[in-house]
Amino acid sequence: MKSTALTAVQIEKATTSRIRQVDFENLDFGKVFTDHMFVCEFKNGSWQTPTIKPYQAISLFPSASVFHYGQAVFEGMKAYKDDNGKILMFRPEDNLDRINKSAKRMAIPEFPKEFFFDGLESLLKLDNEWIKPGIGNSLYIRPFVIATEAGVRASAAKEYMFFIICSPAQSYYGGEVRLKIEEEFSRAAPGGFGYAKAAGNYGGQFYPTQLAAEQGFQQIIWTDAKNHEYIEEAGTMNLFFRINDTLVTGPTSDTILDGITRKSLIELAKYHNIKVEERPVKVNEVVEAAKDGSLKEMFGAGTAAVINPVKGFGFRGERFELENVTNSYASLFKKELTNIQYNVTADPFGWRYVVE
Ligand SMILES: *Cc1c(COP(=O)(O)O)cnc(C)c1O
């Protein structure tokens with residue numbers, strides 16, 4: 001499924017590399033960026049020549065639409081390197097499809113596939129040295145689109161910029177994670193844009209998350225906006241529950257983001273003959289399962305952390321802690337997904353994408 005070279009990406013190389021200044025043993029997530037970035041402008045009704053240039057600040061008018069109306073979408077993906085120096089990605093077509101789905105909802109023009117893959121692969125090859133081999137090391141890739149047209153009229157802009165920036169990352173472990181089941185604030189509503197990776201969806205979470213942090217919770221478990229009766233997802237992760245030996249996760253909808261890690265875990269579980277149920281999950285069901293001990297595991301799934309085991313949760317002032325399990329699903333899935341991503345094992349699902 002390789003793109004053909006329909007477009008020539010114009011490349012302006014950095015004269016010096018900043019890589020020597022980077023301490024790869026102590027990376028702060030998302031703080032350091034590689035030498036180059038991909039930029040493509042949309043104007044006069046079409047995407048212009050894609051370019052790669054040195055990572056640098058950009059200049060926009062204060063009236064640019066994105067600053068006022070938040071017309072912006074993004075993606076989060078990763079590149080990995082195997083022990084032979086091969087660069088790999090995980091299901092990247094799905095990230096392109098999703099950013100275009102998000103873009104459509106925000107009235108942003110879709111980005112052409114060949115531009116995306118030519119740009120991304122050229123960028124990864126140029127900044128190849130920034131991708132370190134070894135399980136846990138990766139290059140976090142952040143494609144995003146912003147409305148750049150100058151003017152404060154509240155309507156869809158006519159000018160945009162598509163970027164890809166990259167940040168080296170280490171395996172992410174934020175310590176023991178405890179989540180608060182939220183009943184006051186909502187993340188997304190039916191008919192809204194919760195399914196899109198649209199900037200405002202995240203900005204709106206920071207305040208309730210700060211309040212939860214004051215009570216000792218790292219993230220929030222969002223519930224449906226109508227009755228707060230069903231579990232939706234957490235932060236930037238889809239949620240999974242292991243009740244006895246069945247894996248349960250909420251269905252994707254207009255309020256739950258269709259995570260690539262989530263759908264991969266569902267396939268992986270089926271492959272291992274683990275019973276999986278994709279269905280609405282009631283808050284009460286999870287609370288009852290925690291009380292009677294049938295809730296064996298709970299974890300978040302997303303590109304940044306792959307799988308983030310949840311140690312406990314809070315609901316209406318009550319706190320629940322999960323016992324440690326032997327033969328954990330979270331550990332099994334994390335190991336198998338990572339082995340596929342780093343080219344350690346066979347990939348029966350066809351998820352791996354080799355950059356050559
Ligand atoms: C990005 C994201 C996820 C995880 O998606 P992946 O494709 O697995 O990285 C889950 N929920 C939300 C709200 C997200 O933004």
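Residues numbered from 1 in each chain as written. Predicted model: local features only at pLDDT ≥ 70, side-chain atom pairs only at ≥ 80, totals over all residues. Heavy atoms only, no water.

1. Some remarks on the nonpolar core
The cut-off we apply is this: As used in this record, nonpolar core signifies buried Ala, Val, Leu, Ile, Met, Phe, Trp, Tyr and Cys residues forming a set joined through side-chain atoms within 4.5 Å. Each residue gets one of three labels from its accessible area relative to the maximum for its type: buried under 20%, exposed over 50%, partly exposed in between, using a 1.4 Å probe on protein chains only. Two residues form a contact once any of their heavy atoms are found within 4.5 Å.
Core analysis: the largest hydrophobic core is formed by 42 residues, its most contacted members being L124 and F162. If near-sequence neighbours (up to four positions away) are discounted, F162 is found in contact with F38, V39, C40, W47, I99, F111, F116, P143, F144 and V145. Ranked by size, the runner-up nonpolar core spans 23 residues in total, among them I181, V286, F313 and F320.

2. Notes on the site of the ligand
The condition is simple: Proximity is defined per residue: if any heavy atom of the residue lies within 4 Å of a molecule or strand, that residue is considered near it. For the purposes of these results, a polar contact is taken to be a pair of N or O atoms within 3.5 Å, where, inside protein, one atom must be able to donate a hydrogen and its partner to accept one; residues adjacent in sequence count only when each atom of the pair is a side-chain atom. Per-residue accessibility takes into account occlusion by the displayed protein chains alone, with areas from the Shrake-Rupley method and a 1.4 Å probe. Lining residues are those with an atom within 4 Å of a point, where the points come from a 1 Å grid over the protein atoms alone and group into cavities, where a 1.4 Å probe fits but cannot get out, or pockets, open sets with protein on both sides within 12 Å along at least five of seven lines. Put plainly, a molecule is in a cavity or pocket when over half of its atoms are within 2 Å of the grid points there. Secondary structure is summarised from DSSP: a helix means a run of H or I of at least four residues, a strand means a run of E of at least two, and numbering begins at the N terminus for each. Under the scheme applied, nonpolar residues are Ala, Val, Leu, Ile, Met, Phe, Trp, Tyr, Cys and Pro; charged residues are Asp, Glu, Lys and Arg; polar residues are all the others, including Gly.
The local shell around the ligand holds 16 residues, among which K197, Y202, E233, T261 and T303 are the closest. At 2.4 Å from an oxygen atom of the ligand is found a side-chain nitrogen or oxygen belonging to Y202. Relative to its unbound accessible surface of 380 Å², the ligand loses 97% to contact with the protein. Under a 2 Å grid-point criterion requiring more than half of the atoms, the pocket assigned to the ligand is the largest pocket. Elements that contribute at least two residues to the shell around the ligand include exactly strand 13 (237–243), helix 5 (260–271) and strand 17 (295–302). Taken together, the residues of the shell around the ligand sort by class into five nonpolar, seven polar and four charged.

3. A short note on the domain arrangement of the protein
Keep this limit in mind: The domain limits used here are those given by an automatic or database domain assignment. The term buried area means the drop in 1.4 Å probe accessible area that two parts suffer when joined, counted for both and summed. The rule for a salt bridge is simple: a side-chain nitrogen of Lys or Arg has to be within 4 Å of a carboxyl oxygen of Asp or Glu.
Here the protein is partitioned into domain 1 (10–169) and domain 2 (178–341). A separation of 28 Å is found between the C-alpha centroids of domain 1 and domain 2. Contacts between domain 1 and domain 2 engage 20 residues on the former and 23 residues on the latter. Across the domain 1/domain 2 interface, buried area totals approximately 1,900 Å², and carbon plus sulfur atoms make up 61% of it. Broken down residue by residue, the surface that domain 1 buries against domain 2 is led by F90, R98 and R105, which jointly contribute 31%. Summed over the shared surface of domain 1 and domain 2, the result is two salt bridges. Counting the contacts that link domain 1 with domain 2 gives 11 residue pairs in polar contact (both at pLDDT 80 or more). Those elements giving two or more residues to the side of domain 1 that touches domain 2 turn out to be strand 5 (72–74), strand 6 (77–81), strand 7 (87–90) and helix 2 (92–105). Element by element, the count of residues in the side of domain 1 that touches domain 2 is highest for helix 2, at six residues.

4. A short note on empty space enclosed by the protein
Heads up, the condition is: Grid points are joined across faces, edges and corners, and a volume is the space filled by probe spheres set on the points.
This model, assessed by the stated rule, comprises one cavity of 30 Å³ or more. Volume-wise, the largest cavity comes out at about 130 Å³. Along the walls of the largest cavity sit 13 residues, with Y80, F90, T261, T303 and Q341 positioned nearest its centre. Looking at the lining of the largest cavity, the elements with two or more residues in it are strand 6, helix 5 and helix 7 (329–341).

5. Let's talk about helix 4 (residues 199–214)
Inclusion rule: Helix span, expected: 1.5 Å multiplied by one less than the number of residues in the helix. Bend is the name given here to the angle between axes fitted to two runs of seven residues, the run ending at a residue and the run starting at it.
Taking 1.5 Å per residue, 16 residues should reach 22 Å; helix 4 reaches 24 Å between its end C-alpha atoms and fits that length. For helix 4, the principal kink sits at F206 and spans about 30°; a proline, P208, occurs within the next four residues. Packed against the buried residues of helix 4 are strand 5, strand 10 (177–181) and strand 11 (219–223).

6. Some words on the pairing of strand 17
Applied cut-off: The pairing criterion for strands is at least two bridges between them, as found by DSSP.
Most of strand 17 is tucked away, with seven of its eight residues classed as buried. In terms of strand pairing, strand 13 meets strand 17 through six bridges, oriented antiparallel. Bridge pairing links N238 to A301 in strand 17. Hairpin geometry of strand 17 and strand 18 (residues 306–315) is characterised by an intervening segment of three residues between the two adjacent antiparallel strands.

7. Quick notes on the pattern of salt bridges
Opposite charge on two side chains lets them pair, provided their charged atoms get close. For the structure on display, the rule yields 16 salt bridges. Close ionic contact of E233 with R187 constitutes a salt bridge, the shortest N to O distance being 3.0 Å. Highlighted residues: E233 in strand 12 (residues 230–234) and R187 in the loop between strand 10 and helix 4, separated in sequence by 46 residues. Note on E233: relative accessible area 3%, which makes it buried. D245 is the partner of R242 in a salt bridge, and the nearest nitrogen-oxygen pair spans 2.7 Å. Given a relative accessible area of 47%, D245 falls into the partly exposed group.

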